[in-house]
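Notes for the structure review
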Amino acid sequence: MSNDSIGTSLKSYILLTFLLPNINFEENLSIEDIFYNRYYWFIRFCRLKEERDGYDPGLNQQEIRLIEEVEQKDINIDWNVIQEISDCIDSELK
């Protein structure tokens, strides 16, 4: 995978995580929608980086922390959607 794909994934995650409150949308996004999108871009970044550089335990720990946010922030997510996102990324990157 190219560095552009990895960079785009990371930038998208950063945008959704840190800059979204500063962006005005015509429609409000639910906290769940934002989480699903953050999860997609972060997991995509992790898979691409792992494919290029090998396993990174630090990224694995970040994945766990991202999932822990669900309980910490009391986000009502559908775990089936999380699985679908992971499956989608796996199929995209094959």
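On a predicted model such as this, the values are computed, not experimentally measured, just so you know.

1. Quick look at the packing of aromatic side chains
Enumeration according to the criterion identifies four aromatic pairs in this entry. For the ring pair F35 and Y39, a centre distance of 6.3 Å and an interplane angle of 25° mean the geometry is stacked. On the criterion of helical spacing, the pair formed by F35 and Y39 is a turn pair, its members being four residues apart in helix α2 (residues 31–53). Assigned by exposure class, F35 and Y39 land together as buried. Judged by centre distance (6.2 Å) and plane angle (45°), the ring pair of F42 and F45 falls under tilted. Of this pair, F42 and F45 both sit in helix α2, separated by three residues, roughly a single helical turn. Pair check on accessibility: F42 and F45 agree, each one buried.

2. Side note on a nonpolar patch on the surface
Together, I14, L15, F18, L19 and I23 make up an exposed nonpolar region whose accessible area comes to about 420 Å². In this structure, I14 sits in helix α1 (residues 3–19).

Procedures and definitions
Think of each chain on its own: its residues are numbered from 1, step by step along the sequence as written. In view of the model being predicted, local features appear only for residues whose pLDDT reaches at least 70, and side-chain atom pairs are presented and counted only at 80 or more, with totals across whole chains, interfaces and linings using the full set of residues. Note: side-chain values were computed over all heavy atoms of the structure, leaving out hydrogens and water. Here the aromatic set is Phe, Tyr and Trp, taking the six-membered ring for Trp, and pairing holds for ring centres within 6.5 Å; pairs whose planes are under 30 degrees apart are stacked, those over 60 apart are edge-to-face, and all others are tilted. Elements are defined by DSSP. Helices are runs of H or I of four residues or more, strands are runs of E of two residues or more, and each kind is numbered from the N terminus. Relative accessibility thresholds used throughout: buried, under 20% of the residue-type maximum; exposed, over 50%; partly exposed, between the two (1.4 Å probe, protein chains only). Without a salt bridge and with relative accessible area above 30%, a residue can belong to a patch; like charges are then joined within 9 Å and nonpolar side chains (Val, Leu, Ile, Met, Phe, Trp, Tyr) within 5 Å. Values of accessible area rely on a 1.4 Å probe in the Shrake-Rupley scheme; residue burial ignores everything except the protein chains shown. Salt-bridge detection follows one rule: a side-chain nitrogen of Lys or Arg within 4 Å of a carboxyl oxygen of Asp or Glu.

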